[in-house]
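The primary structure of each chain is shown beneath.
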Amino acid sequence: MKIVLKNIILFNPEQKLNKKSNLLIIDGVINKIGNLSNDDLKNARVFDLNDMYCVPGLFDMHVHLREPGREDEETVTTGCNAAASGGFTGVACMPNTEPSIDSAEVVTLIKERAKDHLVDVFPIAAATVGRKGDVLSPMAELIDAGAVGFSDDGVAIKTARILKTALEYSKMFDVPIIEHCEDETLAGGSMNESINSTKLGLPPLPSVAEDLIVARDIMMAEYTGGRVHIAHISTKKSVELVRQAKAKGLKVTSEVTPHHFHMTDDLVSTYNTNTKMNPPLRTQKDVDAIIDALKDGTIDCIASDHAPHSLEEKEMEFEYAPNGIVGLETQLGLALTELYHRNILTIEQLVEKLSINPRKILNLSVPKFEVGEKANITIIDTEHVWSVDIKKFKSISKNSPFHNRLLKGKAIAVINNDKMLFNDELIK
Amino acid sequence: MSLSGRHLLGMYNVPKNDIQLILDTAITFKEVLDRPIKRVPTLQGKTIVNLFYENSTRTRISFELAEKRLSADALNFSVSTSSVSKGESFKDTIKNIEAMKVDMIVVRHAAAGVPYYLTQISDSNVINAGDGIHEHPTQALLDMYSIREKLGKLEGIKVCIVGDIAHSRVALSNIYGLKTMGAEVSVCGPSTMIPKFIEELGVKAIHNIDEAIQENDVLNILRIQLERKAREYFPSIREYQRYFGITEARLNKNGKDILILHPGPINRGVEISSEVADGPYQIILNQVTNGVAVRMAVLYLLGTQN
């Protein structure tokens with residue numbers, strides 16, 4: 001397939017690249033950059049993308065694809081379709097499947113299901129067998145099969161003892177332990193502990209439950225020299241702890257979800273189960289701290305924590321409904337609307353947090369715009385105004401609080417693995 | 001005069017006029033309860049479902065009686081919640097009940113927010129009979145009615161709610177309702193039983209029961225849950241009783257007239273001693289009587305609105 005992208009802004013902070021240019025891609029490989037001849041245009045699919053950003057394909061390092069086990073909610077294929085539609089060319093999927101990703105067989109199954117897709121899927125394997133916190137998972141074997149990190153996501157690694165072992169063992173492979181930070185003895189609440197939980201009568205989940213495990217994990221990273229990545233950071237205190245850890249030079253990184261960088265627990269007021277997630281929505285003070293941390297680099301990545309749930313699971317009493325929302329198809333729009341257009345982050349910082357940093361954390365190569373390199377590209381129109389319509393989601397599940405939300409900024413196209421999706425249409 | 005809303009989901013944001021109207025209407029109905037024929041035809045032809053997802057004898061009986069006194073057709077629907085994941089979903093249950101053409105639903109549920117959720121999936125008038133640790137508005141209304149009946153007013157009256165504020169739906173409804181009516185509200189209990197941010201609601205939190213007795217006109221004493229799970233918030237029943245239990249000696253020591261309320265059922269010898277529970281200051285059984293009248297008022301005002 002021969003593709004020409006005309007009048008794009010080639011933008012790659014890794015290459016210090018920011019210039020208007022044209023790109024010729026043949027069979028998935030960048031063939032020419034700059035002025036193109038008539039010959040180059042011959043038999044090519046030509047897209048004139050006036051002043052749109054052409055950036056290294058976006059990467060979401062925290063998604064739940066539900067396969068194997070809950071294929072009624074999402075599969076590897078539908079999750080990949082959602083990712084591509086949302087502007088992502090790569091995702092890392094979490095191991096809380098049924099069975100969990102704690103054996104080479106499950107890693108292989110997921111890699112197999114993702115084969116031939118535009119989107120690359122990199123499994124995060126369980127840190128302990130069955131995510132139970134008792135026995136270390138076969139990490140070497142899992143990495144050989146294709147895992148790129150370890151996590152017991154859904155819960156934190158159960159004890160300091162097994163965490164220490166996991167960090168010491170995973171050091172051999174230089175991969176991160178990705179932590180869902182929540183003290184299990186304080187877990188179980190339905191929303192953030194605040195005046196709102198009192199007013200709504202919902203069982204509270206205190207922010208200190210997160211802070212405690214963030215502190216534990218940072219201390220253990222320091223002690224062992226291992227790598228810790230704090231998933232979906234949500235509290236002011238956690239952000240402060242990560243900032244201190246980074247200042248000390250520890251191998252600690254973090255990510256935040258779009259909902260945690262712009263929503264507060266005030267939104268729970270109507271018991272909408274699409275405002276129920278874990279970690280829960282916090283207070284404005286926490287959101288403010290997260291914004292500062294995004295700016296100063298304390299938070300390295302933006303990740304969706306894409307968590308598909310069936311309609312019948314979410315349509316119920318708030319306290320009984322499962323946690324989480326889908327996010328792959330709204331993440332970029334929310335980041336552009338809430339961070340870029342509000343002058344909180346530059347386009348460069350956004351590309352770092354949505355493409356470059358997650359790949360670096362997972363030891364994956366960052367796509368380059370050079371002749372001979374594989375074309376792994378997201379085209380972003382920062383000015384495109386659109387309304388979220390959950391009925392158009394490629395994800396099987398529709399549990400999103402953003403239905404009908406007006407957003408500014410969207411991925412117009414993604415290119416990867418010699419495939420191109422343009423305006424949600426697969427180009428052949 | 002009519003209420004400003006179609007439902008009674010809680011006391012949060014219920015305007016003063018509405019509370020006033022309910023309390024005034026209840027006076028008329030209380031009089032009905034003293035008649036030899038304790039029945040009026042006001043809600044004849046209306047069907048009211050008492051949907052109880054949680055065990056409750058007294059609240060359910062009180063509602064049922066109120067409905068029958070108003071000549072409504074009352075149906076009791078008790079659902080075991082022993083397994084939430086199995087069986088029919090809440091939404092399907094509601095759709096089925098609605099298909100039988102009911103007018104009002106009185107709901108009690110262990111999960112907060114269910115009455116609100118019910119209004120989203122049903123056309124009936126909804127009355128919250130207690131949802132989780134959220135609200136129990138008719139209890140607050142009957143408490144306010146009882147205080148007003150004894151003291152003649154609510155404005156400026158100092159009320160302290162005593163006990164496990166954090167796990168009580170009665171406390172929150174009382175705080176909202178009383179504050180709207182101009183009462184001064186405080187809470188008293190072990191610090192583990194007072195929500196961390198409670199003072200943002202404009203109530204004072206104290207931990208000394210003698211201070212609570214001295215400074216207030218009314219004590220509303222909550223039931224202490226004796227189950228193991230609730231027990232983690234205080235060291236022992238003995239310690240609770242010694243430091244927060246209302247006893248005659250303690251009332252005498254502080255030597256002043258005070259009105260004692262308790263939503264029931266009482267734990268004699270724990271949060272309240274027998275002498276106090278049967279003593280001159282308490283109006284515990286008046287509350288029970290008033291409960292029927294107040295619920296009649298709420299049902300009447302919502303049921304005749306359309």
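Treat the numbers as computed from the prediction; the structure is a model and nothing was measured. (Residues numbered from 1 in each chain as written. Chains lettered and ligands numbered in written order. Predicted model: local features only at pLDDT ≥ 70, side-chain atom pairs only at ≥ 80, totals over all residues. Heavy atoms only, no water.)

S.K.: Report on the overall build of chain B, specifying residues and quantitative values.
M.R.: Scanning chain B for helices and strands turns up 11 helices and nine strands. In terms of overall dimensions, chain B is globule-like: its C-alpha atoms have a radius of gyration of 19 Å, near the 19 Å expected for 306 residues. Dimensions of chain B, computed from the C-alpha atoms along their principal axes, are close to 55 × 45 × 35 Å. Buried positions account for 56% of the 306 residues belonging to chain B. Once local pairs closer than 6 in sequence are excluded, the contacts in chain B between residues at least 24 apart make up 74%. Side chains of chain B give 35 positive and 34 negative charges; the mean places of these two sets differ by 3 Å. (Helix = DSSP H or I, 4+ residues; strand = E, 2+ residues; numbered from the N terminus. Rg over C-alpha atoms; globule rule 2.2 N^0.38 Å. Buried < 20%, exposed > 50% of the residue type's maximum accessible area, 1.4 Å probe, protein only. Contact = heavy atoms within 4.5 Å. Lys, Arg positive; Asp, Glu negative; His and termini not counted. Charge placed at Lys NZ, Arg CZ, Asp CG, Glu CD.)

S.K.: Before we move on, can you summarise the packing of helix H5 (residues 160–170) of chain A against helix H7 (residues 208–224) of chain A with the specific residues and values?
M.R.: How two helices sit against one another is set out by the angle between their axes and by the gap between those axes. Residues and elements named next belong to chain A. Between H5 and H7, the least distance of the axes is 10 Å, while the angle of their chain directions is 45 degrees. Classified by the angle between their axes, H5 and H7 sit oblique to one another. In the packing of H5 onto H7, the handedness of the crossing is right-handed. Each of Ala160, Leu163, Lys164, Leu167 and Glu168 in H5 lies in contact with H7, whose residues at this interface are Arg216, Asp217, Met220, Ala221, Tyr223 and Thr224. Of the residues assigned to the contact of H5 with H7, the class counts are six nonpolar, one polar and four charged. (Axes fitted to C-alpha atoms, helices over the stretch in contact; angles between N-to-C directions. Parallel < 35°, antiparallel > 145°, perpendicular 65-115°, else oblique. Left-handed = near helix turned anticlockwise from the far one by under 90°. Nonpolar A, V, L, I, M, F, W, Y, C, P; charged D, E, K, R; others polar.)

S.K.: Lay out the interface of chain A and chain B with the relevant residues and their values.
M.R.: Between chain A and chain B, the residue contacts involve 15 residues of the former and 22 residues of the latter. Its salt-bridge partner being Glu315(A), residue Lys91(B) comes within 2.9 Å of it at the nearest N-O pair. The interface formed by chain A and chain B includes six residue pairs in polar contact (both at pLDDT 80 or more). Broken down by class, the residue content of the side of chain A that touches chain B amounts to six nonpolar, four polar and five charged. (Salt bridge = Lys/Arg side-chain N within 4 Å of Asp/Glu carboxyl O. Polar contact = N/O pair within 3.5 Å; in protein donor to acceptor, adjacent residues only side chain to side chain.)

S.K.: How would you summarise the nonpolar core if you had to cite specific residues and measurements?
M.R.: Formed by 79 residues in total, the largest nonpolar core has its most connected members in Val121(A), Leu294(A), Ile302(A), Leu339(A) and Leu350(A). When residues are assigned to domains, this core turns out to be shared by domain 1 (2–54 + 370–383 + 400–427) and domain 2 (57–361) of chain A, each giving three or more. In this view, Leu294(A) contacts Val256(A), Phe261(A), Ile299(A), Ile302(A), Leu339(A), Leu345(A) and Lys353(A); residues no more than four positions away in its chain are not counted. Grouped together as the second largest cluster of nonpolar side chains are 65 residues, Ile195(A), Val32(B), Val106(B) and Leu302(B) included. (Core = buried A, V, L, I, M, F, W, Y, C linked by side-chain atoms within 4.5 Å. Domains from an automatic or database assignment.)

S.K.: Describe in detail the sheet that holds strand S6 (residues 184–188) of chain B, supporting the description with residues and values.
M.R.: Residue and element names in this part refer to chain B. If you walk across this open sheet you meet the five strands as S7-S6-S5-S8-S9, and the pairing is parallel. Where the open sheet ends on each side, the last strands, each with one partner, are strand S7 (204–206) and strand S9 (259–261). Each strand axis lies, on average, 25 degrees off the axis of its neighbour in the sheet, ignoring direction. Examined bridge by bridge, S6 and S7 share three bridges and lie parallel to one another. Considered in S7, the bridge of Cys188 is made with Ile206. The strands touched by helix H5 (residues 137–151) are strand S5 (158–162), strand S8 (218–221) and S9; relative to S9, the strand with the most contacts, the crossing angle is about 160 degrees. (Pairing = 2+ DSSP bridges.)

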